[in-house]
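# Observations on chain architecture
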Amino acid sequence: MLIGITGTPGTGKTSVTKLLEEEPYYQVIHLNELIKDEKLYSEVDAERDCVVADMDMVYDRILELQDKSYTVTIVDSHLSHHIADIVIVLRTDPAVLKERLEKRNYSEEKVKENLEAEALDIILAEAVEWCEKVFEINTTEESAEKTLKNIMRIIGGLRNGNTGELEEEFRPGSVDWCDYLFD
Ligand SMILES: Nc1ncnc2c1ncn2[C@@H]1O[C@H](COP(=O)(O)OP(=O)(O)O)[C@@H](O)[C@H]1O
């Protein structure tokens, strides 16, 4: 089973997937590192300080790397909803996200761009449009450990074919940052 952990940068994807990596039966691919290490991109955008991933190359590489001896392969990246059919979108209140992104020494422009993307649900909307199953977790006031527990509950439900209540609890659209936009 291939599952994407996606969300705006700073929402906690890498922190939680690093914890998941320590659990047995989970293969974790940190896609952003892989894209840089293996140059799976078509362009370097120096102005925006990022690369433009070649998603065909990325998709083929993920399929090659997916090790079926693991029960679940997790793809950690804000691009993972381009690849996986099942995704968990991590969300963080833009006011909290701002602090996290500023600590990363992102430019003012890059912080603003990411905060707007989070406030406007950009990744969530893409995931809902492209993926078969989407779960949304608000990590604003949760530790990475608590988020890990929720992710493992969702994966457990998917494996048992019993996601009814989880689909309600982590329903896409349950998080709303509209107040941030109109403050
Ligand atoms: N659940 C959380 N609660 C508080 N801080 C968190 C949480 N998850 C991550 N962080 C902090 O936020 C920052 C960004 O987390 P990271 O996992 O790198 O996000 P992403 O992979 O989504 O870009 C890190 O400094 C991390 O310590």
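Residues numbered from 1 in each chain as written. Predicted model: local features only at pLDDT ≥ 70, side-chain atom pairs only at ≥ 80, totals over all residues. Heavy atoms only, no water.

### Describing the overall build of the chain
- A count of helical and extended segments in the chain gives nine helices and seven strands.
- The globule rule puts the C-alpha radius of gyration for 183 residues at 16 Å, and the 16 Å found for the chain is close to it.
- Projecting the C-alpha coordinates of the chain onto the three principal axes gives extents of approximately 45 × 35 × 30 Å.
- Taken over 183 residues, the chain has a buried fraction of 43%. (Helix = DSSP H or I, 4+ residues; strand = E, 2+ residues; numbered from the N terminus. Rg over C-alpha atoms; globule rule 2.2 N^0.38 Å. Buried < 20%, exposed > 50% of the residue type's maximum accessible area, 1.4 Å probe, protein only.)

### Re the site of the ligand
- By nearness alone, 14 residues border the ligand, and G10, T14, S15, R104 and E142 come closest of all.
- Taking R104, its side chain carries an N or O atom lying 2.7 Å from an oxygen atom of the ligand.
- Counting residues per element, the shell around the ligand draws most heavily on helix 1 (residues 13-21), at three residues.
- Here the shell around the ligand is composed, by residue class, of two nonpolar, eight polar and four charged. (Near = heavy atom within 4 Å. Polar contact = N/O pair within 3.5 Å; in protein donor to acceptor, adjacent residues only side chain to side chain. Nonpolar A, V, L, I, M, F, W, Y, C, P; charged D, E, K, R; others polar.)

### Here's the deal with the pattern of salt bridges
- This structure, assessed with the given rule, holds 11 salt bridges.
- Here K98 and E102 are joined by a salt bridge, their closest N and O atoms 3.1 Å apart. Here E102 and K98 lie together in helix 4 (residues 94-103), a separation of four residues that amounts to about one turn.
- The class of E102 is partly exposed, set by a relative accessible area of 42%. (Salt bridge = Lys/Arg side-chain N within 4 Å of Asp/Glu carboxyl O.)

### Focus on the sheet that holds strand 2 (residues 26-30)
- In space, the five strands of this open sheet follow the order 2-5-1-6-7, with parallel pairing throughout. Across the chains shown, the open sheet's two edge strands, defined by having one partner strand only, are strand 2 and strand 7 (133-138). The mean angle between the axes of side-by-side strands here comes to 20 degrees, regardless of whether they run parallel or antiparallel.
- Sheet strands touched by helix 7 (residues 144-160): strand 1 (2-6), strand 2, strand 5 (72-76), strand 6 (86-91) and strand 7. Its angle to strand 7, the strand with the most contacts, is close to 160 degrees. (Pairing = 2+ DSSP bridges. Axes fitted to C-alpha atoms, helices over the stretch in contact; angles between N-to-C directions. Contact = heavy atoms within 4.5 Å.)

### What about the packing of helix 4 against helix 5 (residues 108-119)?
- Contact geometry of helix 4 with helix 5 gives a least axis separation of 10 Å together with a crossing angle of 150 degrees. Judged by the angle between their axes, helix 4 and helix 5 are roughly antiparallel. Considering how the two elements wind past one another, helix 4 and helix 5 form a crossing that is right-handed. The residues of helix 5 that touch helix 4, namely those facing P94, L97, K98, L101 and E102, are V111, N114, L115, E118 and A119. (Parallel < 35°, antiparallel > 145°, perpendicular 65-115°, else oblique. Left-handed = near helix turned anticlockwise from the far one by under 90°.)

### Describing the UniProt feature "binding site: ATP" (unreviewed entry) in the chain
- If you check UniProt for "binding site: ATP" (unreviewed entry), the listed places come out as G10, G12, K13, T14, S15 and R104 in our numbering.
- Residue placement: S15 occurs in helix 1.
- In this fold, R104 is placed in the loop between helix 4 and helix 5.
- Apart from the residues within four sequence positions on either side, R104 is in contact with P9 and G10. (UniProt positions renumbered as here; feature names shortened; annotations may be inferred.)

### Let's talk about the packing of helix 1 against helix 7
- Where helix 1 meets helix 7, the axes come as close as 9 Å, and the angle between the chain directions of the two elements is 65 degrees. The handedness of the crossing between helix 1 and helix 7 is right-handed. Between helix 1 and helix 7, the contacting residues are S15, V16, L19 and L20 on the first element and A144, E145, T147, L148, I151 and M152 on the second.
- Of the residues assigned to the contact of helix 1 with helix 7, the class counts are seven nonpolar, two polar and one charged.

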